[in-house]
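# Summary of structural features
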Amino acid sequence: AQTVTQSQPEMSVQEAETVTLSCTYDTSESDYYLFWYKQPPSRQMILVIRQEAYKQQNATENRFSVNFQKAAKSFSLKISDSQLGDAAMYFCAYRPVGVYSGGGADGLTFGKGTHLIIQP
Amino acid sequence: DAGITQSPRHKVTETGTPVTLRCHQTENHRYMYWYRQDPGHGLRLIHYSYGVKDTDKGEVSDGYSVSRSKTEDFLLTLESATSSQTSVYFCAISDWATSSYEQYFGPGTRLTVT
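So, here is what we can say about the structure in this document. The structure presented is a predicted model; accordingly, all values stated were derived computationally and were not measured. (Residues numbered from 1 in each chain as written. Chains lettered and ligands numbered in written order. Predicted model: local features only at pLDDT ≥ 70, side-chain atom pairs only at ≥ 80, totals over all residues. Heavy atoms only, no water.)

A separate point is the overall build of chain A. A count of helical and extended segments in chain A gives zero helices and 12 strands. Its helices and strands taken in sequence order, chain A reads β-β-β-β-β-β-β-β-β-β-β-β from the N to the C terminus. Radius of gyration (C-alpha) of chain A: 14 Å, near the 14 Å computed for a compact globule of 120 residues. Here the C-alpha coordinates of chain A stretch approximately 45 × 30 × 20 Å along the principal axes. Going through the 120 residues of chain A one by one, you find that 46% of them count as buried. (Helix = DSSP H or I, 4+ residues; strand = E, 2+ residues; numbered from the N terminus. Rg over C-alpha atoms; globule rule 2.2 N^0.38 Å. Buried < 20%, exposed > 50% of the residue type's maximum accessible area, 1.4 Å probe, protein only.)

A count of helices and strands for chain B gives zero helices and 11 strands. Helices and strands appear in chain B in the N-to-C order β-β-β-β-β-β-β-β-β-β-β. Projecting the C-alpha coordinates of chain B onto the three principal axes gives extents of approximately 40 × 30 × 25 Å. Nonlocal contacts in chain B, meaning residues at least 24 apart in sequence, comprise 55% of its contacts between residues at least 6 apart. Roughly 5100 Å² of accessible area belongs to chain B as shown, and the carbon and sulfur atoms make up 47% of that amount. The distance from the centre of the 11 positive side-chain charges to the centre of the 13 negative ones in chain B is 4 Å. (Contact = heavy atoms within 4.5 Å. Areas by Shrake-Rupley, 256 points an atom, 1.4 Å probe, with all protein chains shown as cover. Lys, Arg positive; Asp, Glu negative; His and termini not counted. Charge placed at Lys NZ, Arg CZ, Asp CG, Glu CD.)

Taken as a whole, this structure holds 20 aromatic pairs over all chains when the rule is applied. Here Phe110 of chain A and Tyr35 of chain B contribute two aromatic rings whose centre-to-centre distance is 5.7 Å and whose plane-to-plane angle is 90 degrees, an arrangement assigned as edge-to-face. Taken together, the residues span two chains, with Phe110 of chain A in strand 11 (residues 109–110) and Tyr35 of chain B in strand 4 (residues 31–38). The burial state of Phe110 of chain A is the same as that of Tyr35 of chain B; both residues are buried. Aromatic pair Tyr35 of chain B and Phe105 of chain B: ring centres 5.7 Å apart, planes at 45 degrees, arrangement tilted. With Tyr35 of chain B in strand 4 and Phe105 of chain B in strand 10 (residues 104–105), the pair connects residues that are 70 residues apart, well separated along the chain. Joined through ring pairs, the aromatic side chains of Tyr33, Phe35, Tyr37, Phe91 and Phe110 of chain A together with Tyr33, Tyr35, Tyr48, Tyr50, Phe90, Tyr101 and Phe105 of chain B make up one cluster. (Phe/Tyr/Trp six-rings, centres within 6.5 Å; stacked < 30°, edge-to-face > 60°.)

Turning our attention to the nonpolar core. Counting 25 residues, the largest nonpolar core has Tyr25, Trp36, Phe75, Leu77, Tyr90 and Leu116 of chain A as its most contacted members. Sorting the residues of this core by element identifies strand 3 (19–21), strand 5 (32–39), strand 6 (46–52), strand 8 (64–69), strand 9 (74–79), strand 10 (88–96) and strand 12 (114–119) of chain A as the ones contributing at least two each. The element contributing the most residues to this core is strand 10 of chain A, with four residues. By size, the runner-up hydrophobic cluster in this structure holds 20 residues, among which are Tyr33, Ala93 and Leu108 of chain A together with Val88 of chain B. (Core = buried A, V, L, I, M, F, W, Y, C linked by side-chain atoms within 4.5 Å.)

In this complex, chain B contributes 29 residues to the contact, which on the side of chain A involves 25 residues. At the boundary of chain B with chain A, total buried surface from both sides reaches about 2100 Å², with 55% on carbon and sulfur atoms. For the pair chain B and chain A, the number of links is one salt bridge. Of the charged contacts, one joins Glu102 of chain B and Arg50 of chain A as a salt bridge, the two residues approaching to 2.8 Å between their closest N and O atoms. Linking chain B to chain A there are six residue pairs in polar contact (both at pLDDT 80 or more). Elements with a contribution of two residues or more to the side of chain B that touches chain A: strand 4, strand 5 (42–51), strand 6 (54–57), strand 9 (87–94), strand 10 and strand 11 (109–113) of chain B. (Buried area = accessible area lost by both parts, 1.4 Å probe. Salt bridge = Lys/Arg side-chain N within 4 Å of Asp/Glu carboxyl O. Polar contact = N/O pair within 3.5 Å; in protein donor to acceptor, adjacent residues only side chain to side chain.)

A word on the state of the cysteines. Two cysteines, two sulfur atoms, one covalent bond between them: this is a disulfide. Residues and elements named next belong to chain A. For the coordinates displayed, the defined rule picks out two disulfides over all chains. There is a disulfide in this structure between Cys23 and Cys92, and the S-S distance comes to 2.0 Å. With the S-S dihedral at roughly -70 degrees, the linkage between Cys23 and Cys92 falls on the left-handed side. Of this pair, Cys23 sits in the loop between strand 3 and strand 4 (24–26) while Cys92 is found in strand 10, placing the two residues 69 residues apart along the sequence. Judged by relative accessible area, which is 0%, Cys92 ranks as buried. (Disulfide = S-S within 2.5 Å.)

We now examine the pairing of strand 3 (residues 19–25) of chain B. Residue and element names in this part refer to chain B. Going residue by residue along strand 3, you find Val19, Leu21, Cys23 and Gln25 tucked away on one face and Thr20, Arg22 and His24 left uncovered on the opposite face. Sheet analysis places strand 1 (residues 4–7) next to strand 3, joined by four bridges and oriented antiparallel. Its bridge partner being in strand 3, Ser7 is matched across the sheet by Arg22. (Pairing = 2+ DSSP bridges.)

This is the structure we're talking about:
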């Protein structure tokens, strides 16, 4: 079974600084998608960024970028110029690509999350 | 934002009573999912649907059943609620044909079983 590990339960950063959240995963699949979701206090799950494993170029969305290291099975999220609105729980998630195989394979496998605090 | 609503948003119920949570989407997406979120566990898949009347179990399906009679509605039923089912429940949708497997989530339902 695939597992996703976020080793930092909580991170704190000064406003306007850069912070990197870590995520590692375990899989025997060769092609898959990785995601970062943000969950602010409102509880809404918001997709931040996605990365497909066969694409070597790291994904970027405005101030959010990833460092995808396929061989190391690492997928970290970098937030530049941190803003107060970035304060939230951040979840890393994994999903293999391929034909539907049942057994829950079609769901996302989530890490336990990192609580990001932004210090003004 | 994807058109996903969940009802009720909050519910308190007693142990042993049946509970049904509803997820409604206006995106005409084929795939729908139910997750639960508990402190220290992230989100875990309960059940999912890959079409009308087509459902399958997820990681934590014991004590839950689902039904999907229409594309837009996906119901999660706790046949006899237990305190261990106190959680926040999220519905999600996905359309593999046009997206890269990402899922879009509803606002969540906080369920308390006393």
